[in-house]
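Inside the fold
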Amino acid sequence: MKGFDYIVVGGGSAGCIVAARLVKESNARVLLLEAGSGDYHPVLKMPAGYMKYLASDKYLTMHQTQPQPQLDGRGVIVPQAKVLGGGSTVNAMVYMRGHRQDYAEWNRALRHTGVDWSWEALLPHFTAIEDNDHLGAPSHGVGGPLKVSHLGHFSPLSRAWVKTMQALGIPYTPDFNTGNPFGVGFMQHTIDWRTRKRCSVVDAFIAPLRDDSRLVIETEAQVEEILFEGTEARGVRYRRHGVTHHAEASKETILAAGAYQTPKLLMLSGVGPQDHLAERGIALRHHLPGVGRNLQDHYEVPVVATTRGAFGYYGQDRGWPMIKAGIEYLLFKTGPVTTTGVETCAFFDPLDFSATPTIQMFCVPTVYLDRDVMGRDPGHGVTINSLLLRPKATGRVTLRDAHPASLPVIDTQIFGHPDDLARTLAGFHFARGVIAASPIADMIEQEIFPGAEVTGDEAIAAHCKRMVKTGYHPVGTCRMGHEQDPMAVVTADLRVRGLEKLRVVDASIMPNIISGNTNAAVMAVAHRAADLIAGRERVVEETPCVEVAL
């Protein structure tokens, strides 16, 4: 296939935004290739609907990670979206930007050269995307394509938890997205407040261009190799419905396949660590040892308690309660279907409230662990999850073999640094204190998992190792860095080092993970990437950046 200015590999949050902006604002002809389906069940448009597919392989690829010695040999499952819109189509819709310090660290990784990636520099991209239902300038956007709102329903458990956290010294915050997410409050979500439906990047950016001939979208298209002429990327080879296709891009090939698939594709194309490629029988095109390294994610551990009554959502997804909630939603756009079930969170350091937050704690007003895990039918209850915001251990993505259809090998290194387990233990102890404090304590019957009899750091650490799970936020495997950094994969303007006409625009470019859910940051990066690709933003040798003290 010829005649394209750009080829975008990956139709998730990043790929859809970049492709749409290049078409709409640069008059470019773009081929967008997505390995997953272009269609999905209408229930995913409902705010509560994503929970039906959390453990499904219909719209998710379930990666079984490498056994982890530090988890007593356990390998966790890490899912990745396989549908047009990527995570924005199947996620919990949380809109969270992170801490300004996160972006200052990006700049430090670049030695403040080329492009300013500070909070202040990215804020215009956050606001340009956004159409917020109740917040405005200077921190929020009004009139952008992406609808952002509060949920339409909050459970009594969520409200009691927010008040309890305040009683324990965590202040209430009305907005986590001003660059300093500290305190407890209700989260914003990518939900259209007019229709009470999910607003994915497909809704926001792709749907308005569905009839535009300049944008060609191929779904169920597995890209197998980047095609080069010397050091210049010329296009891709991909397979769709059993047929192999070749597509050429006159200007650039843009990778947006995510933190697992983008490094995999680079390595399949001969770009990556020389020794590893030789082991897999792949001819080296360009040695970049950092490809696949620096994998980071958020990890969380639960405390589960039963409640004295139906204060949350247990049992609301079946039988008459489900039918009743569905009718209420269809007729009035109100009720339990208008919530994601994860309504509140808190940012803090459990060891020092004055420090930069190290934990994002969620109150989930139900028990979502299986009977097989807990050994009993939980009934009505609550789950308090402590999510580690800044893990020090980093993992790695490598090739299983040289076959494009094979899943990559993912080594998460959860708790690979002792500080990560120590911080998680501190979060766990605090969570236990929360369910013992008023007013939520008045709703609590008893802790059932791991159980009040499990005490002492050794026993609790065993619980953490058994139950720790992903926060669904993998980043960092093709990270930005300065010219002297041997492990940097892309430059400050997202070009793959040592190659021409090839960029990466997804979560894999992050030098360090942000402090919060990653989808909003990915969208802002992609929005800015479109300006860099189109030449609307000039790249300079030195960029003055705002320093934030650590």
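By the naming in an unreviewed UniProt entry, the protein chain is Sorbosone dehydrogenase, taken from Pantoea septica. Per its UniProt entry, the protein chain bears the Sequence similarities (unreviewed entry) comment "Belongs to the GMC oxidoreductase family." As recorded by UniProt, the Cofactor (unreviewed entry) comment attached to the protein chain reads in full: "FAD".

The next subject is the pairing of strand E14 (residues 221-229). Pairing geometry for E14 and strand E15 (residues 232-240), over eight bridges, is antiparallel. Within E15, the residue paired with Leu227 across the bridge is Gly235. Here E14 hands over to E15 after two residues, with Gly230 in that stretch at a positive phi of 65°.

In this section: the UniProt feature "domain: Glucose-methanol-choline oxidoreductase N-terminal" (unreviewed entry) in the protein chain. Feature annotation in UniProt places "domain: Glucose-methanol-choline oxidoreductase N-terminal" (unreviewed entry) on residues 81-104 and 258-272, given in this structure's numbering. Annotated as residues 81-104, this span is 38% helix and 12% strand, and its ends, taken at the C-alpha atoms, are 29 Å apart. What you have in residues 258-272 is 73% helix and 13% strand, and the ends, taken at the C-alpha atoms, are 16 Å apart.

Attention shifts here to the packing of aromatic side chains. All told, the structure shown has 11 aromatic pairs when counted by the stated rule. Geometrically, the ring pair formed by Tyr103 and Trp106 is edge-to-face, given 4.9 Å between the ring centres and 65° between the ring planes. Of the two residues, Tyr103 and Trp106 are both situated in helix H3 (residues 100-109); the distance of three residues between them amounts to about one turn of the helix. Take Tyr103: its relative accessible area is 0%, and that puts it in the buried class. Taken together, a centroid distance of 6.0 Å and an interplanar angle of 50° make the contact between Tyr103 and Trp119 tilted. Linking Tyr103 in helix H3 with Trp119 in helix H4 (residues 119-129), this pair joins segments that are 16 residues apart in sequence. When its relative accessible area of 4% is taken as the criterion, Trp119 is described as buried. Among the aromatic residues, ring-to-ring pairing joins Tyr103, Trp106, Trp117, Trp119 and Phe126 into one connected group.

Looking now at the environment of Val475. Position of Val475 relative to the elements: it lies in the loop between strand E26 (469-470) and strand E27 (502-504). Note: C-alpha distance between Val475 and Met187 (288 residues apart in sequence) is 22 Å. In this structure, Val475 is in contact with Ala259, Asn294, Leu295, Gln296, Ala507, Ser508, Met510, Ile513 and Thr518, ignoring residues within four places of it in sequence.

Turning to the pairing of strand E9 (residues 183-186), a few remarks are in order. Of the two faces of E9, the one lined by Gly183 and Gly185 and the one lined by Val184 and Phe186 are each fully buried. Pairing geometry for E9 and strand E20 (residues 344-348), over four bridges, is antiparallel. Across the sheet, residue Val184 finds its bridge partner in E20, namely Ala346.

In this section: the state of the cysteines. A full pass over the atoms with the stated rule returns zero disulfides. Not part of a disulfide, Cys363 finds its nearest cysteine sulfur in Cys345, a span of 11 Å. Note on Cys363: relative accessible area 0%, which makes it buried. With no disulfide of its own, Cys478 has Cys16 as its nearest cysteine by sulfur position, at a separation of 19 Å. A relative accessible area of 0% means that Cys478 is categorised as buried.

Moving on, we come to a nonpolar patch on the surface. A contiguous nonpolar patch, built from Trp320, Met322, Ile323, Ile327, Leu331 and Phe332 and spanning about 680 Å² of accessible area, is present on the exposed surface. If you trace the backbone, Met322 turns up in helix H9 (residues 319-332). Given a relative accessible area of 36%, Met322 falls into the partly exposed group.

What counts, and at which threshold
- Residues numbered from 1 in each chain as written.
- Predicted model: local features only at pLDDT ≥ 70, side-chain atom pairs only at ≥ 80, totals over all residues.
- Heavy atoms only, no water.
- UniProt positions renumbered as here; feature names shortened; annotations may be inferred.
- Pairing = 2+ DSSP bridges.
- Helix = DSSP H or I, 4+ residues; strand = E, 2+ residues; numbered from the N terminus.
- Phe/Tyr/Trp six-rings, centres within 6.5 Å; stacked < 30°, edge-to-face > 60°.
- Buried < 20%, exposed > 50% of the residue type's maximum accessible area, 1.4 Å probe, protein only.
- Contact = heavy atoms within 4.5 Å.
- Disulfide = S-S within 2.5 Å.
- Patch = residues over 30% accessible without salt bridge, like charges linked within 9 Å, V, L, I, M, F, W, Y side chains within 5 Å.
- Areas by Shrake-Rupley, 256 points an atom, 1.4 Å probe, with all protein chains shown as cover.
- Salt bridge = Lys/Arg side-chain N within 4 Å of Asp/Glu carboxyl O.

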